Amino acid sequence: MSAIFILIGISLLVALGFLGAFLWATYSGQYDDDYTPSVRILFDEPHSKNNQSNNK
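Everything quoted here is computed from the prediction, not taken from an experiment.

Draft legend 1. Spatial organisation of the overall build of the protein. Per the secondary structure count, the protein includes three helices and zero strands. Start at the N end of the protein and walk to the C end: the helices and strands fall as α-α-α. Counting over 56 residues, the protein shows a buried share of 4%.

Right under this line is the structure:
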């Protein structure tokens, strides 16, 4: 029966380790999107007619 408590304790330590690694990765920018901003400029919406006439 005491083995169950030891395994529960070890599993909680492992779970807390993964949670800490996830939080560290999130706050350090590991999941920031680097791809979308570079592609967004290629699919920019065309300017309206009023905006184009002001630029001429």
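Draft legend 2. Quick look at helix α1 (residues 2-27). Given a rise of 1.5 Å per residue, 26 residues ought to cover 38 Å, and the 38 Å separating the end C-alpha atoms of α1 matches this to within 8%. Two residues or fewer after α1 comes glycine 29, characterised by a positive phi angle close to 90°.

Draft legend 3. A look at the confidence of the model for the protein. Mean pLDDT over the protein stands at 85; residues scoring 70 or higher make up 82%. The weakest mean pLDDT in the protein belongs to helix α3 (residues 49-55) at 58; the strongest belongs to α1 at 96.

Draft legend 4. Representation of a nonpolar patch on the surface within the structure. A cluster of nonpolar side chains, namely Leu16, Leu19, Phe22, Leu23, Tyr27 and Tyr31, defines an oily patch on the protein surface of about 720 Å² accessible area. Here tyrosine 27 lies in helix α1.

Parameters and conventions
- Residues numbered from 1 in each chain as written.
- Predicted model: local features only at pLDDT ≥ 70, side-chain atom pairs only at ≥ 80, totals over all residues.
- Heavy atoms only, no water.
- Helix = DSSP H or I, 4+ residues; strand = E, 2+ residues; numbered from the N terminus.
- Buried < 20%, exposed > 50% of the residue type's maximum accessible area, 1.4 Å probe, protein only.
- Expected span 1.5 Å × (residues − 1).
- pLDDT = per-residue confidence, 0-100.
- Patch = residues over 30% accessible without salt bridge, like charges linked within 9 Å, V, L, I, M, F, W, Y side chains within 5 Å.
- Areas by Shrake-Rupley, 256 points an atom, 1.4 Å probe, with all protein chains shown as cover.
- Salt bridge = Lys/Arg side-chain N within 4 Å of Asp/Glu carboxyl O.

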